[in-house]
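Each chain, written out:
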Amino acid sequence: MAAIKVHGFHASTATNMVLCCLNEKQVEYDFVLIDLLTGAHKKPQYLALNPFGVVPTIQDGDLTLFESRAILRYLAQKFKGQGTDLLGSTLSEEALVYQWCEVEGQSFNPPVSTIVSQILVVPRRGGSTDEAAVEMNIEKLGKVLDIYEERLSKSKYLAGDFFSLADLQHLPHTHYLISACGKGDLISSRKHVNAWWEDISSRPTWQKVAENMKVN
Amino acid sequence: MATIKVHGHHLSTATSLVLCCLEEKQVDYELLVVDLAAGAHKKPQYLALNPFGVVPTIQDGDLTLFESRGILKYLAKKYKGQGTELYGNSLSEEALVEQWCEVEGQSYNSPASAILFQILFVPMRGGTTDEAVVEMNVEKLVKVLDIYEERLSKSKYLAGDFFSLADLQHLPTTHYLVTACGKGDLISSRKHVKAWWEDISCRPAWKKVSEKSS
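Since the structure is predicted, the reported quantities are computational estimates derived from the model, not experimental observations.

Rules of the game
Residues numbered from 1 in each chain as written. Chains lettered and ligands numbered in written order. Predicted model: local features only at pLDDT ≥ 70, side-chain atom pairs only at ≥ 80, totals over all residues. Heavy atoms only, no water. Helix = DSSP H or I, 4+ residues; strand = E, 2+ residues; numbered from the N terminus. Rg over C-alpha atoms; globule rule 2.2 N^0.38 Å. Buried < 20%, exposed > 50% of the residue type's maximum accessible area, 1.4 Å probe, protein only. Contact = heavy atoms within 4.5 Å. Lys, Arg positive; Asp, Glu negative; His and termini not counted. Charge placed at Lys NZ, Arg CZ, Asp CG, Glu CD. Pairing = 2+ DSSP bridges. Core = buried A, V, L, I, M, F, W, Y, C linked by side-chain atoms within 4.5 Å. Axes fitted to C-alpha atoms, helices over the stretch in contact; angles between N-to-C directions. Parallel < 35°, antiparallel > 145°, perpendicular 65-115°, else oblique. Nonpolar A, V, L, I, M, F, W, Y, C, P; charged D, E, K, R; others polar. UniProt positions renumbered as here; feature names shortened; annotations may be inferred.

Chemist: Got a minute to help me understand the overall build of chain A in this structure?
Modeler: On a plain count of helices and strands, chain A comes out with 10 helices and 4 strands. For chain A, the succession of helices and strands along the chain, N to C, is β-α-β-α-β-β-α-α-α-α-α-α-α-α. In terms of C-alpha radius of gyration, chain A reaches 17 Å, essentially the compact-globule figure of 17 Å for 216 residues. Reported as C-alpha extents along the three principal axes, the dimensions of chain A are approximately 50 × 45 × 25 Å.

Written out as structure tokens, the structure is:
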């Protein structure tokens, strides 16, 4: 069976979500670099794979798939019974996984990716960080993290007492928030969020991926 | 078996999504109206169900679930084999459904909802529509719809030649864009998007739900 191809970029949070999932499921893959710095993601060759011109996109035999969170769910279903179980053990547990995956995608991701973009990406493109935007999004993120704190005081992981896709989805952006944006206090000031973060970020499958995300 | 309880509101697009899915799956439910205008969604009784203080939330026996797109996935899986199949017929088809569901949630929803918010909700609260914000989001939505046009020229529905959750997720927001925001041209000016919209918005399950949300 041909290895899964992952078209992506080493610093891309979405790419690293997928690589972490592949590691958790113990699935072999080939990494095909799409160099965002040269605009490779906007060239016809890549747009033919993913018309939205963003990374990552995977190819698994005849199937071409984009949108990292969808790729995660596909891998978790296809390789159920292999590697780490990422969807819980029952339909109800699976439902809670989807719920917290949606929370990440709809409520956590928008503020955190704006903060990371303003602090890390904008200056690299010659612009200046919009401090008001950072402040506003820290406030939004704070409210979400307060809800996480309450949840994680009753549950070891987001969906229940088992690691799942919902926790995994938080790894790449939170990693940048702490290690490259100087906003680690958002996590460390919340006892249960901090414990959860220390747990999930020390997983070997994640550590392997995080090495590719070092920011200069 | 107890009926599924849906805590929500007829005017909420996210609530309509869930009701439409329940109709497609032919599942009995009870709608418990959360009085948004009175701030019921921010009161302790509701926050105990959904700490994010938004609608909808469902209760299915012991399971309490929020996030409309998560609820859709749960219903489509639980009631597989009953009503309309909403996940395709193979793992690959399911993957494409998930892909286009994410496209809706990550690329379509944000600009479309921003337009709805400015044109419909801001004036309702006594404010003035920010035309620049509307313009900026129309521009973003146009780029997404151009990609949909290309996709739908090759495929009857978003995930393939079968109606799925991915198409369903577009119904409530697009309905408001077309019928209440005067942005129908965004849909009607694109041949394949228009055909797709006419098809999915005529489904009986959607018509039943949309009649209540006008």
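The structure having been displayed, the exposition proceeds.
Chemist: Can you walk me through the overall build of chain B in this structure?
Modeler: Counting its secondary structure elements, chain B contains 10 helices and 4 strands. Order of helices (α) and strands (β) in chain B, N terminus to C terminus: β-α-β-α-β-β-α-α-α-α-α-α-α-α. By the compact-globule yardstick of 17 Å for 214 residues, chain B fits well, its C-alpha radius of gyration being 17 Å. In terms of overall dimensions, chain B has C-alpha extents of about 50 × 45 × 25 Å along its principal axes. Looking at chain B as a whole, 56% of its 214 residues are labelled buried. At a minimum sequence separation of 6, the contacts of chain B that also span at least 24 residues come to 66%. Charged side chains in chain B number 23 positive and 27 negative. The centres of these two groups are separated by 1 Å.

Chemist: Help me understand the pairing of strand β3 (residues 57–60) of chain B, please; the structure alone is not making it clear to me.
Modeler: Side-chain positions along a regular strand alternate between the two faces of the sheet. Residue and element names in this part refer to chain B. Here strand β1 (residues 4–8) runs beside β3; their pairing, made up of 3 bridges, is antiparallel. Bridge assignment links K5 to a residue of β3, and that residue is Q59. As defined by bridge partners, β3 adjoins strand β4 (residues 63–66) across 4 bridges and the pair is classed as antiparallel. Bridge assignment links D60 to a residue of β4, and that residue is L63. Between β3 and β4, which pair antiparallel one after the other, the connecting turn spans 2 residues, and G61 there sits at a positive phi close to 60°.

Chemist: Would you take a moment to explain the nonpolar core for this structure?
Modeler: Across soluble globular proteins, nonpolar side chains have a tendency to be buried as a group. Core analysis: the largest hydrophobic core is formed by 125 residues, its most contacted members being Y148 of chain A together with Y148 of chain B. In terms of residues, this core owes the most to one element, helix α4 (residues 91–124) of chain A, which gives 12 residues. Beyond its immediate stretch of four places on either side in the chain, Y148 of chain B contacts F52 of chain A together with W100, V103, E104, Y108, L158, H170, V193 and W196 of chain B. F9, I34, L49 and V55 of chain A belong to the second-largest nonpolar core, a separate cluster that totals 5 residues.

Chemist: Sorry if this is basic, but what is going on with the packing of helix α1 (residues 13–24) of chain A against helix α7 (residues 171–179) of chain A here?
Modeler: Relative placement of two packed helices is described by the angle separating their axes and the distance separating the axes. Residues and elements named next belong to chain A. As a packed pair, α1 and α7 sit with axes 8 Å apart at the nearest point and diverge in direction by 125°. Classified by the angle between their axes, α1 and α7 sit oblique to one another. Along the contact surface, α1 presents T13, N16, M17 and C20, while α7 presents L171, P172, H173 and Y176. Residue classes in the contact of α1 with α7 are distributed as 5 nonpolar, 3 polar and no charged.

Chemist: Please explain the UniProt feature "domain: GST N-terminal" (unreviewed entry) in chain B as it appears in this structure.
Modeler: The positions UniProt marks with the feature "domain: GST N-terminal" (unreviewed entry) are residues 2–83 of chain B. Strand forms 22% of residues 2–83 of chain B and helix 33%; the C-alpha atoms that close the span are 19 Å apart.

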